[in-house]
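Next come the chains, spelled out residue by residue.
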Amino acid sequence: MQVLISGDREELASAALARIDALHTALTQIVLEGGNLDGIAAEVSRVLGVGVAVTSTDGRVRAEALGGDHQALLAEKDLVDPTGRVRVERIGDGAGHVSRVAAGGVELARLVAVSREPIPPDDVHALERAAAVAALLITREAAVAAVENKYQGDFLRDLLLRRTAAPAYVAEHAETFGWDLTRPMVVVVAEIDPSDDLVSGARRRQWQERFSAAWRQVATSVAPDIATVDFSSEVVTLLPLAEEDMGPVAGDDVVRRAVTAVAGDKGGGRRPFSVGVSRVASGIEDLPTAYAQARRAVEVGRRIRGGGSTTFFDQLGVHRLIALIPDTPTGAAELGAFVDDVLGPLAEATTEAADLRETLQVLLDTNFNVAEAARLQFFHYNTMRYRVSKLERLLGPLSTDPHLRLDVAVALRVLEITA
């Protein structure tokens, strides 16, 4: 009896090994014949009888072979966020298995197997072999994409910095990349927010590559002919606008949907980022100006609202006028002189000056309603009256001179940006 049982076990082990080898051979053939990740996912799903998805390291689906029952299982276990990101960090028993796809010590993707039943150890081994083949394919695709992105990035950078030829040539050349630059669009500049984490340059580059890939994937889901390029420290996307997008804030809906899709639920190691959006560019000639507006919007937005902000150039208010002053030593000196002339000692970097500036801003926001300002700052009415007197001794008749209040309000905004 023991001999028979031992023989059965050897036969099963041999069959499992043969199936793994056959799967590995089939996957390798897919790669050699120029196949893609969809082919790998379909073959693994067919052989192992599980749902399969190849995702980015943070769970963004790149290829999948998922049936309706597999998708229902993911939804039942709350393993997909509202933007479609698979929560790879949560998948475990009762939902499937996640294999790392890596090459040269660098994580490239995740191979997700979805199954309600526990996945046998032999099948887990098969998934690890499949992940190795997927790494080979992704590495090859990345090498090709790096050359294409470099060429596309150089072309778009030259365009946005006014280094290109006639618009007709630009439009024709853009078509070879599959881009349509002849329609109304907004320039979107997205930057990963600065981090205090002590990480290597290679790690930061990995964040940027993943960030750029997310924007490309989201842009493709909006329309296949959208230009999206990684400029090393920022991702630039030219989002087209339909007629219904031309509201009070042009592109507000389409931009916020794209930002939400890229951010997801911020799981899977996604980094927070800020976005700046230009005014509408009606044609190729407007794109350099729009790019400058978007860059200025993301810079000013982060200074005013902090990280994770989405700022439209048209919504900067007086900041928009300030932003039009050239970012040169002469421009900076002129802004500094204006602040010093208007605010005097309140422009100093002291705790007392900052405290008085806060009170001054509250008074301006309440149209110098002393009682309301006192309530908002939790001061006694007489304390606020004393502060108003002190401010007027330093700055002039704020409560009666609307022109002086305007100058002070603008100076505070300048200080907010340049501090």
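In the block above lies the structure referred to throughout.
Everything quoted here is computed from the prediction, not taken from an experiment.

Engineer: Tell me what's going on with the packing of aromatic side chains, and back it up with residues and numbers.
Structural biologist: For the structure on display, the rule yields seven aromatic pairs. On the basis of an interplanar angle of 85° and a centroid distance of 5.5 Å, the ring pair of tyrosine 151 and phenylalanine 177 is categorised as edge-to-face. In this pair, tyrosine 151 is assigned in helix H4 (residues 121-160) and phenylalanine 177 in the loop between helix H5 (167-176) and strand S5 (185-192), connecting sequence segments 26 residues apart. Consider the rings of phenylalanine 155 and phenylalanine 177, whose centres lie 5.5 Å apart with planes at 70°: the pair is edge-to-face. Taken together, the residues phenylalanine 155 in helix H4 and phenylalanine 177 in the loop between H5 and S5 connect sequence positions 22 residues apart. An identical accessibility class is assigned to phenylalanine 155 and phenylalanine 177; each is buried. These aromatic residues form a ring-pair network of at least three members: Tyr151, Phe155, Phe177 and Trp179. Here the guanidinium or amino end of arginine 157 rests over the ring plane of phenylalanine 231, the centre of that ring lying 4.4 Å away. One cation-aromatic arrangement involves arginine 271 over tryptophan 207; the distance from NZ or CZ to the ring centre is 3.9 Å.

Engineer: Tell me what's going on with the pairing of S5, and back it up with residues and numbers.
Structural biologist: Of all eight residues making up S5, eight are buried, and the element is well covered by its neighbours. Side chains Met185, Val187, Val189 and Glu191 of S5 all project onto a buried face; the interleaved residues Val186, Val188, Ala190 and Ile192 project onto the opposite face, where all are buried too. Here six bridges tie S5 to strand S7 (residues 235-240), and the two strands are oriented antiparallel to one another. Looking at S7, one finds that valine 188 is bridged to threonine 237. Two strands pair when backbone bridges link them, and S5 and strand S8 (residues 273-277) are joined in this way by five bridges, in the antiparallel orientation. Among the inter-strand pairings, glutamate 191 is bridged to a residue of S8, identified as serine 274.

Engineer: I'd like a description of the sheet that holds S8, backed by residues and values.
Structural biologist: Spatial strand order, S6-S7-S5-S8-S9: five strands in an open sheet with mixed pairing. Of all strands in the sheet, those bounded by a partner on one side alone are strand S6 (228-230) and strand S9 (310-312). Each neighbouring strand pair of the sheet contributes to a mean axis angle of 15°, computed without reference to strand direction. One ladder, built from three bridges, connects S8 with S9; its direction is parallel. Within S9, the residue paired with valine 275 across the bridge is threonine 310. Where helix H6 (residues 201-222) meets the sheet, it contacts S5, S6, S7 and S8, and its direction lies at approximately 155° from that of S5. Of the strands in this sheet, S5, S7, S8 and S9 are in contact with helix H7 (residues 252-263), which crosses S9 at around 160°.

Engineer: Now, about a negative patch on the surface: what can you tell me, with residues and values included?
Structural biologist: Together, Glu334, Asp340, Asp341 and Glu348 make up a negatively charged patch on the protein surface. Take glutamate 334: its relative accessible area is 55%, and that puts it in the exposed class.

Engineer: Give me the sheet that holds strand S3 (residues 96-103): which residues, what numbers.
Structural biologist: Hydrogen bonds between backbone groups are what pair the strands of a sheet, and the pairing can be parallel or antiparallel. The strand order across the open sheet formed by four strands is S2-S1-S4-S3, and the pairing between neighbours is antiparallel. In this open sheet, the two strands that pair with only one neighbour each are strand S2 (61-65) and S3. Neighbour-to-neighbour, the strand axes of this sheet turn through a mean angle of 20°, independent of strand direction. The pairing of strand S1 (residues 51-55) with strand S4 (residues 106-114) spans five bridges and is antiparallel.

Engineer: Residues and numbers for the nonpolar core, please.
Structural biologist: Grouped together as the largest cluster of nonpolar side chains are 32 residues, with contacts concentrated most on Leu343, Leu360, Leu398 and Val408. Among the elements of the structure, helix H8 (287-305), helix H10 (329-343), helix H11 (351-365), helix H12 (370-376), helix H13 (381-395) and helix H14 (402-418) are those that each provide at least two residues to this core. Broken down by element, the residue count for this core peaks at seven residues, all from H14. Apart from the residues lying within four places of it in its own chain, the contact partners of leucine 360 are Leu346, Phe368, Leu391, Leu395, Leu398, Val408 and Leu412. One finds Leu23, Val101, Ile119 and Ala126 within the second-largest nonpolar core, a separate group that totals 29 residues.

Rules of the game
Residues numbered from 1 in each chain as written. Predicted model: local features only at pLDDT ≥ 70, side-chain atom pairs only at ≥ 80, totals over all residues. Heavy atoms only, no water. Phe/Tyr/Trp six-rings, centres within 6.5 Å; stacked < 30°, edge-to-face > 60°. Helix = DSSP H or I, 4+ residues; strand = E, 2+ residues; numbered from the N terminus. Buried < 20%, exposed > 50% of the residue type's maximum accessible area, 1.4 Å probe, protein only. Lys NZ or Arg CZ within 6 Å of the ring centre and 35° of its normal. Pairing = 2+ DSSP bridges. Axes fitted to C-alpha atoms, helices over the stretch in contact; angles between N-to-C directions. Contact = heavy atoms within 4.5 Å. Patch = residues over 30% accessible without salt bridge, like charges linked within 9 Å, V, L, I, M, F, W, Y side chains within 5 Å. Areas by Shrake-Rupley, 256 points an atom, 1.4 Å probe, with all protein chains shown as cover. Salt bridge = Lys/Arg side-chain N within 4 Å of Asp/Glu carboxyl O. Lys, Arg positive; Asp, Glu negative; His and termini not counted. Charge placed at Lys NZ, Arg CZ, Asp CG, Glu CD. Core = buried A, V, L, I, M, F, W, Y, C linked by side-chain atoms within 4.5 Å.

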